[in-house]
Amino acid sequence: MRKLLVAFSIACLALSGCGVEKKDQPDLTQYVKPNIGTAHSRWFFYTPASLPFGMAKLAPSTDGHYGNKWGWEAVGYDERHTSIEGFANFHEFQIGGVVFAPSVGKLQTQPGILENPDGGYRSRFDRKDEFATSGYYSVLLKDYNVKAELTATQRVGFHKYTFPESKESNVIFDIGHRQGESGAVVDAQVKLTDDGRIEGYVTTKPEYVKKYQEDAVVTMYFSAIPDKAPASYGTFIDSTYTADQKEVKGIGAGMYLTYETEANEAITIKVGLSYTSIDNARLNLEAEAKDLTFDQAKEKALGTWNDYLGRIVVETTNEEDKIKFYTGLYHALLGRGLANDVNGAYPKNDGSVGQIELNADGKPKHNHYNTDAIWGGYWNLTQLWALAYPEYYADWVQSQLLVYKDAGWLGDGIATSKYVSGVGTNFTGLAIAAAYNIGIRDFDAELAYQAARKNELEYEGRIAGAGKMDVGAFVKRGYAPYMVSKPGQEELTTEGSPFGTSHTLEYSFSAYAVAQFAKAMGKTDDYEQLMKLSKGWKEVYDPSVKFMRPKNEKGEFIKDFDPTAPWVGFQEGNAWQYTFYVPHDAEELVETLGKDEFNNRLDSIFTISQKDIFGGGTNIDAFAGLKGLYNHGNQPNLHISWLFNFAGRPDLTQKWVRAICDEFYGVEGIHGYGYGQDEDQGQLGAWYVMSSIGLFDVKGLTSPDPAFQIGSPLFDKVTIKLPENIRKGEFVIETINNSKQNTYIQSATLNGKEDNSLRLPYATLVKGGLLKLQMGAEPKK
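As the structure is a computational prediction, the values presented were derived from the model and not from experiment.

About the criteria used
Residues numbered from 1 in each chain as written. Predicted model: local features only at pLDDT ≥ 70, side-chain atom pairs only at ≥ 80, totals over all residues. Heavy atoms only, no water. Helix = DSSP H or I, 4+ residues; strand = E, 2+ residues; numbered from the N terminus. Rg over C-alpha atoms; globule rule 2.2 N^0.38 Å. Buried < 20%, exposed > 50% of the residue type's maximum accessible area, 1.4 Å probe, protein only. Lys, Arg positive; Asp, Glu negative; His and termini not counted. Charge placed at Lys NZ, Arg CZ, Asp CG, Glu CD. Pairing = 2+ DSSP bridges. Axes fitted to C-alpha atoms, helices over the stretch in contact; angles between N-to-C directions. Parallel < 35°, antiparallel > 145°, perpendicular 65-115°, else oblique. Left-handed = near helix turned anticlockwise from the far one by under 90°. Contact = heavy atoms within 4.5 Å. Phe/Tyr/Trp six-rings, centres within 6.5 Å; stacked < 30°, edge-to-face > 60°. Lys NZ or Arg CZ within 6 Å of the ring centre and 35° of its normal. Salt bridge = Lys/Arg side-chain N within 4 Å of Asp/Glu carboxyl O. Expected span 1.5 Å × (residues − 1). pLDDT = per-residue confidence, 0-100.

J.: Give a description of the overall build of the chain that names residues and reports values.
T.: Counting its secondary structure elements, the chain contains 17 helices and 36 strands. A compact globule built from 781 residues should have a C-alpha radius of gyration of about 28 Å, and the chain, at 26 Å, falls within 12% of that. Judged by the C-alpha coordinates and their principal axes, the chain covers about 75 × 55 × 55 Å. For the chain, with 781 residues in total, the buried portion stands at 66%. Seen as two clouds, the 79 positive and the 100 negative side-chain charges of the chain have centres 2 Å apart.

J.: Any details on the sheet that holds strand β2 (residues 57–61)? Residues and values, ideally.
T.: Strand pairing in a sheet is mediated by backbone hydrogen bonds. Such pairs are either parallel or antiparallel. The sheet built from eight strands is open, its strands ordered β1-β2-β4-β5-β11-β18-β15-β16 with antiparallel pairing. Both outer strands of the open sheet, β1 (49–50) and β16 (240–243), are each paired with one neighbouring strand and no more.

J.: So what's going on with the packing of helix α5 (residues 381–388) against helix α16 (residues 683–692)? Which residues, and what values?
T.: Running from amino to carboxyl end, α5 crosses α16 at an angle of 55°, the nearest separation of the two axes being 8 Å. In terms of orientation, α5 and α16 fall into the oblique class. In terms of crossing hand, the pair formed by α5 and α16 is left-handed. Contacts from L381, Q383, L384 and L387 of α5 reach α16 at Q683, A686, V689 and M690.

J.: Tell me about the sheet that holds strand β10 (residues 156–163), and name the residues and values.
T.: Here we have nine strands laid out as an open sheet, ordered β7-β8-β9-β10-β19-β14-β13-β12-β17, and antiparallel in their pairing. Every other strand in the sheet has two partners, leaving β7 (130–133) and β17 (247–249) as the edge strands with one partner each. On average, adjacent strands in this sheet sit at an angle of 15° to one another, irrespective of strand direction. Relative to β17, strand β12 (residues 184–192) runs antiparallel, the two being bridged by three bridges. The residue of β17 that forms the bridge with V190 is V248. Most of the contacts of helix α2 (residues 278–289) go to strand β19 (residues 265–274), to which it runs at about 120°, and overall it touches β10, β13 (198–205), β14 (218–226) and β19. Its contacts with the sheet put helix α3 (residues 294–309) on β7, β8 (136–141), β9 (146–152), β10 and β19, and the angle it makes with β9 is roughly 50°.

J.: Which residues make up the packing of helix α6 (residues 390–407) against helix α7 (residues 428–437), and what values go with them?
T.: Angle between the axes and distance between the axes: these two values describe a pair of packed helices. At a minimum axis separation of 10 Å, α6 and α7 run at an interaxial angle of 135°. Classified by the angle between their axes, α6 and α7 sit oblique to one another. In terms of crossing hand, the pair formed by α6 and α7 is left-handed. Counting all contacts with α6, which are made through Y393, W396, V397, Q400 and L401, the residues of α7 involved are T428, A431, I432, A434 and A435.

J.: If you had to explain the packing of aromatic side chains to someone new, which residues and values would you point to?
T.: Scanning all chains against the criterion turns up 53 aromatic pairs. Between the aromatic rings of F606 and Y630, the centroid separation amounts to 4.8 Å while the plane-to-plane angle is 55°, which identifies the pairing as tilted. On the criterion of sequence distance, the pair formed by F606 in helix α14 (residues 595–609) and Y630 in the loop between α14 and α15 (650–663) is long-range, its members being 24 residues apart. Of the two residues, F606 and Y630, both sit in the buried class. Ring plane angle 55° and centroid distance 6.3 Å describe the contact between F708 and Y762, whose orientation is recorded as tilted. A residue pair is termed long-range when its members are at least 10 positions apart, and F708 in strand β30 (residues 707–710) and Y762 in helix α17 (residues 762–765) qualify at 54 residues. Of the aromatic side chains, those joined through ring pairs into one cluster are F45, W642, F664, Y665, Y673, W687, Y688 and F696. A cation over an aromatic ring shows up here: R441 above the ring of Y436, its NZ or CZ 3.8 Å from the ring centre. Between K454 and the ring centre of W409, over which it is positioned, the NZ or CZ distance is 4.1 Å.

J.: Before we move on, could you go through the pattern of salt bridges and cite the residues and values that matter?
T.: Evaluation of the coordinates by the stated rule reveals 39 salt bridges. A salt bridge links R601 to E597; the shortest N-O distance between them is 3.5 Å. Remark: E597 and R601 occur in helix α14; sequence separation between them is four residues, near one turn of the helix. Overall, R601 belongs to the buried group, its relative accessible area being 10%. A cluster of three or more residues bridged by salt bridges with shared partners is formed by K535, K538, D585 and E588.

J.: Tell me about the side chain of Q400, and name the residues and values.
T.: Its place among the elements puts Q400 in helix α6. Accessibility expressed as a relative area gives 0% for Q400, which makes it buried. Among all residues touching Q400, those that are not within four sequence positions of it are T371, L410, G411, I414 and T428.

J.: Describe unusual backbone geometry, naming the residues involved and giving the relevant values.
T.: Glycine aside, the phi torsion of most residues is negative, and most peptide linkages are trans. At H40, a position not held by glycine, the phi torsion is positive, near 60°. Tracing the chain through its elements places H40 in the segment before β1. A residue is classified by how much of its surface remains accessible, and H40, at 25% relative accessible area, is partly exposed. Of note in this structure, D238 is not a glycine but carries a positive phi near 55°. Counting through the fold element by element, D238 comes out in the loop between β15 (232–237) and β16.

J.: Any details on the pairing of strand β31 (residues 717–721)? Residues and values, ideally.
T.: Note: strand β20 (residues 312–315) against β31, four bridges, orientation antiparallel. Bridging from a neighbouring strand, V313 pairs with T719 of β31.

J.: Tell me about the environment of P347, and please be specific about residues and values.
T.: You can see P347 is positioned in strand β21 (residues 345–347). Taking C-alpha positions, P347 is 15 Å from V202, a pair spaced 145 residues apart along the chain. Once you skip the residues sitting within four places of it in the chain, P347 turns out to touch Y275, T276, A339, S352, H368, T416 and S417.

J.: Could you give me a rundown of the environment of L602, with the residues and numbers involved?
T.: If you trace the backbone, L602 turns up in helix α14. Here the alpha-carbon distance between L602 and E460, two residues 142 residues apart in the chain, equals 40 Å. Excluding residues that lie within four positions of it along the chain, L602 makes contacts with F580, I640, L643 and F644.

J.: Describe helix α10 (residues 500–520), naming the residues involved and giving the relevant values.
T.: For α10, built from 21 residues, the straight-helix expectation of 30 Å at 1.5 Å per residue is met to within 8% by its first-to-last C-alpha distance of 30 Å. Most of α10 is tucked away: 19 of the 21 residues are buried. Of the residues trailing α10, G522 is marked for its positive phi of about 75°.

J.: I'd like to hear about the confidence of the model for the chain, residue by residue, with values.
T.: Reading predicted coordinates in detail is not appropriate for stretches of low pLDDT. Across the chain, the average pLDDT comes to 94, with 96% of residues at or above 70. Note on residues 1–21: pLDDT is under 50 here. Beyond four places in sequence and across chains, it has 88 contacts.

J.: Describe the pairing of β8, and please don't skip the residues or the numbers.
T.: Among the six residues that make up β8, five are buried, leaving the element largely enclosed by the rest of the structure. By the bridge criterion, four bridges tie β7 to β8 in an arrangement that is antiparallel. By the bridge assignment for β8, T133 is matched with Y136. Here β7 folds back onto β8 in antiparallel fashion, the turn holding two residues, of which G135 has a positive phi close to 105°. The sheet contact formed by β8 and β9 spans five bridges and is antiparallel. Its bridge partner being in β9, V139 is matched across the sheet by A148. The loop that links β8 with its antiparallel partner β9 comprises four residues; one of these, N145, has a positive phi angle of about 55°.

Spelled out as structure tokens, the structure:
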């Protein structure tokens, strides 16, 4: 029978992004292809119906209810799957839930499995019947002949389901089941109110929250308004449903509405979302979407995305490069979404509700965000924010400081302000220091410095959620010892760590960054201590083998050293990869290894790694490249191709960065960001954006004179539109005689003057100007 039935928020992100597309503005959403790289992708990766940095992130799910044992596995939407189980409204790191699903015919209240679509309310679909871009999604659910469409405002999701003629057209509200990275459901409730709203909440215990803040939970609230009253309704717990019941509570709880529909009749549902209360979910809906139709919301979403994507306009005849660029930029603007309501209410670390200070117009002075760890983000995300989205960077800093004020420590990753430290390090202080360093200072600088200093130097009473649990050993010894721990306790040990060597390198870098902050704030003693610690990388460099090498608590290098072995002293990497992890002292690292040795080794690494597509080859696995010499699919490697600039061979940076852009990145579902590599909330997309326009800073904008190193742009022209309310004008990069063969810079002029330093100071860029690059087929001698 069934087979026959056959959406930047700073006051609307403080910009013009709430309007529809401008007539003189190109439609850049046509180049955004969210399905690229969706094979083996993370829960938060695929959310087409959303706005930049929004709370409402709607998407189809193919296996979202399967759960996530460790909290990081690929689950949600996969290019290789052929059936859809529903449409979830929340998609963040460690956060997911509130699923809506249409069906026709006999009611089923569980999603079923991929191998047996008929065993639940899921439906088969064809790729030819699916469309996705930034801000809008649609698909035909073949088993029901229902067209599903999704879009969003910042905090409101829009669902539009177009049904066939039927007396059994259902909308299922699956609330009480685990979704994506959310962790197990602790409680759920859903009810049909007298005024026709479907409202409720779901409380979950994500795996990373459980690890770093054992007693904490994450709660998601919603208030939905269908535009038509149902013919009948009921509730369910798992597969057991009760007709005519308006409310149900407990794990597995849900509700269904059944309609009598005419052919091609559309039912639209607006759903306000919140992390604080049902009342605030209602308020968010009222403020953002009270009188908004689906089509109006869609038009505004596309317009907002065009505004944000249009901050960087690239020109080229190579459409594939354009697709890679704008899809990468989309992912970079997608992650780390809103966590506060329109009235400034936000979820506090202790589970209570906090209040962000309001401005004279009664709007929050800044916003609060959920965020994955910033591990590696200084080589992609923060540079992109600094370049084109500085108002978001300022908001992100204030958001992190909220958690610091509430709970006493900076969090690396946060889910509704709960600590989700990820890999157990914490680079938030570095990112805050970099923001201050480049003049983004719309926050309490003294408080920010206090937080960053504490993150680098203090260990007494340090809580697990703050990460860097072995920082005390680093401060006392100058390095973090390699120490074997019990399984599952790797990030929680205090006197050392199984990842002590990579921690030493990372803490050295962040100490350097915060040292510059200390100097700017006049904290001389702190500056000297932090600068001394920034040389910690020398403690774990073994000149006899010319590798970074694990050192135990006795100060001895470990025996039986294998530089290709991951996890032995190094987090998600090995000595081949981490030996180059000295970004703040790149010049001294070159001198230590010797310039010829440095260049020859690094060039050979890329020559060999190219055979494996600069990562895990064609293995669909986020960790496939951990044993390799270079692994672009993971954070520790992302600056390495730019290091030739510090060793007198910028031509090799130009060569290999271009090769990575062309070969590691693809435009298919399986080959998108490598093959099933770990695209952590836009990091790999942001790396492509920065590298493809030829701007990158190995030092993450932390040095006293922050500057981008200049590489080989893929594009004929790049126009960076500097936000008018913050800066004036635009910065343009033009290439002459550029092509896939002419990849080497022959000469450069900056604002009409010859400048072959291949260095663009940040302070120069933000004033606007013109960089011209003459390209050629052979390296410039």
